[in-house]
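Each chain, letter by letter, is given below.
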Amino acid sequence: MRQIDFTPRGICASRISITLDDDDKVQDLSFVGGCDGNHKGLRALVKGMSAKEAIERLDGITCGFRSTSCPDQVAVALKQALSK
């Protein structure tokens, strides 16, 4: 298992934490700040999903006038984690 702590940009949350297992499947996802209900929904959605599938589904999602969103920033964090 490995823990990723990511500082997102352009969203209300100030931190995203993701736990990946040895097969790069998401075991946990949490946020500091932001919309609690949306974050609980994202957590339930990606739990058990491969990081690659989560990236494919979440990458590029926007929020209103913003060019990013909480789902998009999760994808950014996962891409960064997989590149290491």
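Residues numbered from 1 in each chain as written. Predicted model: local features only at pLDDT ≥ 70, side-chain atom pairs only at ≥ 80, totals over all residues. Heavy atoms only, no water.

Before going further, it helps to spend a moment on the sheet that holds strand S1 (residues 2-6). If you trace the three strands from one edge of the open sheet to the other, you get S1-S2-S3, paired in antiparallel fashion. The two strands at the open ends of the sheet, each matched to only one other strand, are S1 and strand S3 (26-32). Each neighbouring strand pair of the sheet contributes to a mean axis angle of 15 degrees, computed without reference to strand direction. Judged from the five bridges that link them, S1 and strand S2 (residues 15-20) form a sheet pairing that is antiparallel. Paired with Phe6 across the bridge in S2 is Ile16. (Pairing = 2+ DSSP bridges. Helix = DSSP H or I, 4+ residues; strand = E, 2+ residues; numbered from the N terminus. Axes fitted to C-alpha atoms, helices over the stretch in contact; angles between N-to-C directions.)

Among the residues of helix H1 (residues 36-46), those classed as buried are His39, Leu42 and Val46. Each buried residue of H1 lies within a common arc of 60 degrees when the element is viewed along its axis, so the set occupies one face. Projecting away from the buried face of H1 at angles above 90 degrees are the exposed residues Gly37, Lys40 and Ala44. Residues of H1 that are buried sit in contact with S3, helix H2 (51-58) and helix H3 (70-83). Remark: Gly48 follows H1 within two positions and exhibits a positive phi of approximately 85 degrees. (Buried < 20%, exposed > 50% of the residue type's maximum accessible area, 1.4 Å probe, protein only. Arc of directions from axis to C-beta. Contact = heavy atoms within 4.5 Å.)

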